[in-house]
Amino acid sequence: MADLGEWWYALVAAADGAPAQFVRVESRRHPDHARVELSAAELAAQAGDDVVCVATYDEDRVVRVQPAPTFAPKAPPLWFVEVRESSAQPPATSLVAFTGHGQRVGTVVDDADVSNLSVTSDDQLAAVRWYPATGEIDQIFVAAQWRRQHVGSALLISAGTLSLARGWPRLWSDGQRTVLGEHLRNSRAWAKSAAELTHIAPPMSPGDPAGFTDA
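Residues numbered from 1 in each chain as written. Predicted model: local features only at pLDDT ≥ 70, side-chain atom pairs only at ≥ 80, totals over all residues. Heavy atoms only, no water.

**What to know about the overall build of the chain**
If you tally the helices and strands in the chain, you get three helices and twelve strands. The buried share among the 215 residues of the chain stands at 50%. Partitioning the intrachain contacts of the chain with sequence separation of at least 6 by distance along the chain shows that 62% fall at a separation of at least 24. If you sum the accessible surface of the chain, you get close to 10300 Å²; carbon and sulfur atoms cover 52% of it. (Helix = DSSP H or I, 4+ residues; strand = E, 2+ residues; numbered from the N terminus. Buried < 20%, exposed > 50% of the residue type's maximum accessible area, 1.4 Å probe, protein only. Contact = heavy atoms within 4.5 Å. Areas by Shrake-Rupley, 256 points an atom, 1.4 Å probe, with all protein chains shown as cover.)

In C-alpha coordinates:
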(Lines give C-alpha, C1' and ligand atoms only; values in the text may rest on other atoms or scores of the structure.)
Protein backbone atom coordinates (compact mmCIF):
# COMPACT_ATOMS: atom_id res chain seq x y z
CA MET A 1 0.00 0.00 0.00
CA ALA A 2 1.48 3.34 -1.04
CA ASP A 3 2.04 5.96 1.64
CA LEU A 4 0.23 8.88 0.07
CA GLY A 5 0.29 11.25 3.02
CA GLU A 6 -1.68 12.37 6.06
CA TRP A 7 -5.42 12.67 6.61
CA TRP A 8 -6.56 16.28 6.96
CA TYR A 9 -9.98 17.89 6.77
CA ALA A 10 -11.43 21.01 5.20
CA LEU A 11 -14.67 22.73 6.14
CA VAL A 12 -16.10 24.62 3.15
CA ALA A 13 -18.71 27.29 3.86
CA ALA A 14 -21.56 28.44 1.64
CA ALA A 15 -21.97 32.08 0.61
CA ASP A 16 -24.03 32.78 3.75
CA GLY A 17 -21.38 31.27 6.00
CA ALA A 18 -23.27 28.06 6.75
CA PRO A 19 -21.30 24.81 6.39
CA ALA A 20 -21.59 23.42 2.87
CA GLN A 21 -19.10 20.55 2.77
CA PHE A 22 -16.74 18.65 5.03
CA VAL A 23 -13.91 17.24 2.92
CA ARG A 24 -11.41 14.53 3.82
CA VAL A 25 -8.07 14.84 2.04
CA GLU A 26 -4.98 12.64 1.91
CA SER A 27 -1.80 14.61 1.26
CA ARG A 28 1.14 16.21 3.07
CA ARG A 29 -0.05 19.80 2.69
CA HIS A 30 -1.34 19.85 6.29
CA PRO A 31 -0.46 17.74 9.37
CA ASP A 32 -2.36 14.55 10.18
CA HIS A 33 -5.80 15.32 11.71
CA ALA A 34 -5.53 19.03 10.89
CA ARG A 35 -8.80 20.87 10.24
CA VAL A 36 -8.81 23.97 8.08
CA GLU A 37 -11.50 26.31 6.80
CA LEU A 38 -11.29 26.91 3.06
CA SER A 39 -13.33 28.42 0.27
CA ALA A 40 -14.27 26.17 -2.63
CA ALA A 41 -11.53 27.76 -4.72
CA GLU A 42 -8.93 27.29 -1.98
CA LEU A 43 -9.96 23.66 -1.57
CA ALA A 44 -9.53 23.04 -5.29
CA ALA A 45 -6.08 24.62 -5.19
CA GLN A 46 -4.89 22.81 -2.05
CA ALA A 47 -6.55 19.40 -2.44
CA GLY A 48 -7.03 18.80 -6.16
CA ASP A 49 -7.11 15.06 -6.85
CA ASP A 50 -6.21 14.22 -3.22
CA VAL A 51 -9.83 14.47 -2.01
CA VAL A 52 -10.85 11.14 -0.48
CA CYS A 53 -14.44 11.71 0.70
CA VAL A 54 -16.94 14.57 0.81
CA ALA A 55 -19.83 15.07 3.24
CA THR A 56 -22.48 17.58 2.14
CA TYR A 57 -24.59 19.59 4.58
CA ASP A 58 -28.13 20.92 4.33
CA GLU A 59 -28.93 23.28 7.20
CA ASP A 60 -26.18 21.75 9.36
CA ARG A 61 -27.41 18.21 8.67
CA VAL A 62 -25.26 15.78 6.72
CA VAL A 63 -27.43 14.63 3.85
CA ARG A 64 -24.82 13.03 1.61
CA VAL A 65 -21.42 11.40 2.02
CA GLN A 66 -19.50 10.18 -0.97
CA PRO A 67 -16.02 8.66 -1.39
CA ALA A 68 -13.97 9.82 -4.35
CA PRO A 69 -14.39 7.37 -7.27
CA THR A 70 -10.64 6.71 -7.28
CA PHE A 71 -10.64 5.70 -3.60
CA ALA A 72 -12.77 2.56 -3.98
CA PRO A 73 -12.94 2.05 -7.75
CA LYS A 74 -14.50 -1.41 -7.66
CA ALA A 75 -17.38 -0.41 -5.37
CA PRO A 76 -20.81 0.27 -6.89
CA PRO A 77 -22.49 3.64 -6.27
CA LEU A 78 -23.54 3.50 -2.62
CA TRP A 79 -26.15 5.26 -0.53
CA PHE A 80 -26.79 4.76 3.17
CA VAL A 81 -29.39 4.25 5.86
CA GLU A 82 -28.39 5.51 9.29
CA VAL A 83 -29.76 3.68 12.31
CA ARG A 84 -29.34 5.36 15.70
CA GLU A 85 -29.68 3.19 18.80
CA SER A 86 -30.10 5.90 21.43
CA SER A 87 -31.39 3.46 24.05
CA ALA A 88 -28.48 1.03 23.67
CA GLN A 89 -25.81 0.90 26.36
CA PRO A 90 -23.68 2.56 25.22
CA PRO A 91 -25.65 4.38 22.51
CA ALA A 92 -24.66 3.21 19.06
CA THR A 93 -25.02 4.24 15.42
CA SER A 94 -25.01 2.03 12.33
CA LEU A 95 -24.49 3.00 8.72
CA VAL A 96 -25.94 0.49 6.27
CA ALA A 97 -24.88 0.57 2.62
CA PHE A 98 -27.21 -0.03 -0.33
CA THR A 99 -27.00 0.51 -4.06
CA GLY A 100 -29.62 1.38 -6.68
CA HIS A 101 -33.32 1.66 -5.84
CA GLY A 102 -33.48 5.11 -7.39
CA GLN A 103 -31.47 6.81 -4.63
CA ARG A 104 -28.87 9.47 -5.33
CA VAL A 105 -25.29 8.35 -4.76
CA GLY A 106 -24.10 9.15 -1.24
CA THR A 107 -27.54 9.98 0.17
CA VAL A 108 -27.86 9.40 3.92
CA VAL A 109 -31.40 8.34 4.83
CA ASP A 110 -32.72 8.36 8.38
CA ASP A 111 -34.00 4.94 9.45
CA ALA A 112 -37.41 6.50 10.15
CA ASP A 113 -37.76 7.09 6.40
CA VAL A 114 -36.82 3.56 5.32
CA SER A 115 -40.46 2.45 5.31
CA ASN A 116 -40.97 4.80 2.36
CA LEU A 117 -38.31 2.99 0.32
CA SER A 118 -38.55 -0.29 -1.55
CA VAL A 119 -35.61 -1.93 0.24
CA THR A 120 -35.27 -4.71 2.79
CA SER A 121 -32.43 -5.96 4.95
CA ASP A 122 -31.69 -8.53 2.25
CA ASP A 123 -30.69 -5.65 -0.06
CA GLN A 124 -27.88 -4.38 2.17
CA LEU A 125 -24.34 -4.62 0.86
CA ALA A 126 -22.56 -3.83 4.11
CA ALA A 127 -22.95 -2.25 7.53
CA VAL A 128 -20.77 -0.74 10.24
CA ARG A 129 -21.80 -0.12 13.86
CA TRP A 130 -19.92 2.18 16.24
CA TYR A 131 -20.26 4.14 19.48
CA PRO A 132 -20.53 7.89 18.73
CA ALA A 133 -19.33 8.92 22.19
CA THR A 134 -15.90 7.35 21.68
CA GLY A 135 -15.69 6.51 17.96
CA GLU A 136 -14.99 2.84 18.68
CA ILE A 137 -16.14 0.46 15.95
CA ASP A 138 -18.23 -2.42 17.29
CA GLN A 139 -18.96 -4.46 14.16
CA ILE A 140 -18.38 -4.44 10.42
CA PHE A 141 -20.22 -6.65 7.95
CA VAL A 142 -19.94 -7.04 4.19
CA ALA A 143 -22.27 -9.43 2.36
CA ALA A 144 -20.37 -12.37 0.87
CA GLN A 145 -21.17 -11.47 -2.74
CA TRP A 146 -19.79 -7.94 -2.28
CA ARG A 147 -16.44 -8.77 -0.72
CA ARG A 148 -13.15 -7.90 -2.47
CA GLN A 149 -14.96 -5.13 -4.34
CA HIS A 150 -13.90 -2.17 -2.16
CA VAL A 151 -17.36 -1.99 -0.53
CA GLY A 152 -15.90 -2.26 2.97
CA SER A 153 -13.38 0.51 2.26
CA ALA A 154 -16.06 2.77 0.78
CA LEU A 155 -18.33 2.18 3.77
CA LEU A 156 -15.61 2.82 6.36
CA ILE A 157 -14.39 6.04 4.77
CA SER A 158 -17.99 7.23 4.50
CA ALA A 159 -18.82 6.41 8.12
CA GLY A 160 -15.59 7.99 9.34
CA THR A 161 -16.20 11.16 7.35
CA LEU A 162 -19.81 11.34 8.53
CA SER A 163 -18.70 11.06 12.17
CA LEU A 164 -16.12 13.83 11.85
CA ALA A 165 -18.46 16.08 9.86
CA ARG A 166 -20.82 15.99 12.84
CA GLY A 167 -18.10 16.81 15.31
CA TRP A 168 -18.02 13.26 16.65
CA PRO A 169 -14.74 11.42 17.38
CA ARG A 170 -12.58 9.80 14.74
CA LEU A 171 -13.51 6.13 14.25
CA TRP A 172 -11.08 3.50 15.48
CA SER A 173 -10.97 -0.18 16.40
CA ASP A 174 -9.12 -2.45 18.78
CA GLY A 175 -7.12 -5.55 17.84
CA GLN A 176 -10.02 -8.02 17.55
CA ARG A 177 -10.79 -8.85 13.92
CA THR A 178 -11.88 -11.65 11.63
CA VAL A 179 -9.69 -12.86 8.77
CA LEU A 180 -11.33 -10.46 6.31
CA GLY A 181 -11.36 -7.76 8.96
CA GLU A 182 -7.57 -7.99 9.10
CA HIS A 183 -7.46 -7.73 5.31
CA LEU A 184 -9.57 -4.57 5.50
CA ARG A 185 -7.34 -3.18 8.23
CA ASN A 186 -4.52 -3.03 5.70
CA SER A 187 -6.53 -0.89 3.29
CA ARG A 188 -6.14 2.88 2.95
CA ALA A 189 -9.51 3.36 4.63
CA TRP A 190 -8.44 1.80 7.89
CA ALA A 191 -4.67 1.41 8.15
CA LYS A 192 -4.18 4.37 10.51
CA SER A 193 -7.26 3.77 12.65
CA ALA A 194 -7.02 0.15 13.83
CA ALA A 195 -4.77 -1.29 16.51
CA GLU A 196 -2.40 -4.13 15.71
CA LEU A 197 -4.11 -7.52 15.54
CA THR A 198 -4.37 -9.23 18.95
CA HIS A 199 -6.48 -12.23 17.98
CA ILE A 200 -8.78 -13.50 15.25
CA ALA A 201 -12.45 -13.16 16.11
CA PRO A 202 -15.22 -15.52 14.95
CA PRO A 203 -17.35 -14.42 11.97
CA MET A 204 -20.43 -12.29 12.43
CA SER A 205 -22.53 -14.52 10.14
CA PRO A 206 -23.06 -18.15 11.29
CA GLY A 207 -21.42 -20.58 8.92
CA ASP A 208 -19.29 -17.88 7.33
CA PRO A 209 -15.64 -18.91 7.64
CA ALA A 210 -14.17 -15.45 7.11
CA GLY A 211 -16.88 -12.84 7.56
CA PHE A 212 -16.42 -9.46 9.20
CA THR A 213 -17.23 -9.05 12.87
CA ASP A 214 -16.03 -7.12 15.94
CA ALA A 215 -13.51 -4.84 14.26
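After presenting the structure, the write-up continues.
**With respect to the side chain of Thr 107**
Note on placement: Thr 107 falls in the loop between strand S7 (92-98) and strand S8 (108-110). A residue is classified by how much of its surface remains accessible, and Thr 107, at 16% relative accessible area, is buried. A polar contact is formed between the side chain of Thr 107 and the backbone oxygen of Arg 104, at a distance of 2.9 Å. Once residues within four sequence positions are removed from consideration, Thr 107 is found in contact with Val 63, Arg 64, Trp 79 and Phe 80. (Polar contact = N/O pair within 3.5 Å; in protein donor to acceptor, adjacent residues only side chain to side chain.)

**Regarding the nonpolar core**
Ranked by size, the top nonpolar core spans 35 residues in total, and within it Phe 22, Phe 80, Leu 95, Val 128, Trp 130, Ile 137 and Leu 155 carry the most contacts. Looking at this core, the elements that each hand over two or more residues are strand S1 (6-13), strand S4 (51-58), strand S5 (61-67), S7, strand S9 (126-130), strand S10 (137-142) and helix H2 (151-165). If you look at the next biggest cluster of nonpolar residues, it comprises twelve residues, including Ala 10, Val 36, Leu 38 and Val 54. (Core = buried A, V, L, I, M, F, W, Y, C linked by side-chain atoms within 4.5 Å.)

**Considerations on H2**
In this model, H2 (15 residues) spans 21 Å end to end at C-alpha, consistent with the 21 Å of a helix rising 1.5 Å per residue. Of all 15 residues in H2, 15 are buried; the element is thus mostly enclosed. The first or second residue beyond H2 is Gly 167, which carries a positive phi of 85 degrees. (Expected span 1.5 Å × (residues − 1).)

**Things to note about the pattern of salt bridges**
All chains considered together, the criterion is met by five salt bridges. Between Arg 166 and Glu 82 there is a salt bridge; the shortest N-O distance is 2.6 Å. Taken as a pair, Arg 166 in the loop between H2 and strand S11 (176-177) and Glu 82 in strand S6 (residues 79-85) lie far apart in primary sequence, 84 residues in all. Measuring nitrogen to oxygen at the nearest pair gives 2.7 Å for the salt bridge that ties Asp 138 to Arg 129. Each member of the pair, Asp 138 as well as Arg 129, carries the same accessibility label: buried. Taken together, the shared-partner salt bridges in this structure form one network comprising Glu 82, Arg 84 and Arg 166. (Salt bridge = Lys/Arg side-chain N within 4 Å of Asp/Glu carboxyl O.)

**Brief notes about the environment of Ala 15**
For Ala 15, the location among the structural elements is in the loop between S1 and strand S2 (19-27). Remark: the alpha-carbon pair of Ala 15 and Ser 39, spanning 24 residues in sequence, is separated by 9.4 Å.

**Focus on the sheet that holds S4**
Taken together, the five strands give an open sheet; going across it, the order is S3-S1-S2-S4-S5, and neighbouring strands pair in mixed fashion. Strands at the two margins of the open sheet, each flanked by one partner only, are strand S3 (35-38) and S5. When strand polarity is set aside, the average angle formed by the axes of neighbouring strands in this sheet is 20 degrees. Two strands pair when backbone bridges link them, and S2 and S4 are joined in this way by five bridges, in the antiparallel orientation. The residue of S4 that forms the bridge with Arg 24 is Cys 53. Across the face of the sheet, H2 comes into contact with S1, S2, S3, S4 and S5 while running at roughly 150 degrees to S5. (Pairing = 2+ DSSP bridges. Axes fitted to C-alpha atoms, helices over the stretch in contact; angles between N-to-C directions.)

**What to know about the packing of aromatic side chains**
Within this structure, the stated rule accounts for two aromatic pairs. Ring geometry for Trp 79 against Phe 98: centres 5.1 Å apart, planes inclined by 25 degrees, an arrangement best described as stacked. Pair noted here: Trp 79 is in strand S6 and Phe 98 is in strand S7, with a separation of 19 residues, a long-range link. Each member of the pair, Trp 79 together with Phe 98, is buried. For the cation-ring pair, Arg 35 lies above Tyr 9, with the distance from its terminal atom to the ring centre recorded as 5.8 Å. (Phe/Tyr/Trp six-rings, centres within 6.5 Å; stacked < 30°, edge-to-face > 60°. Lys NZ or Arg CZ within 6 Å of the ring centre and 35° of its normal.)

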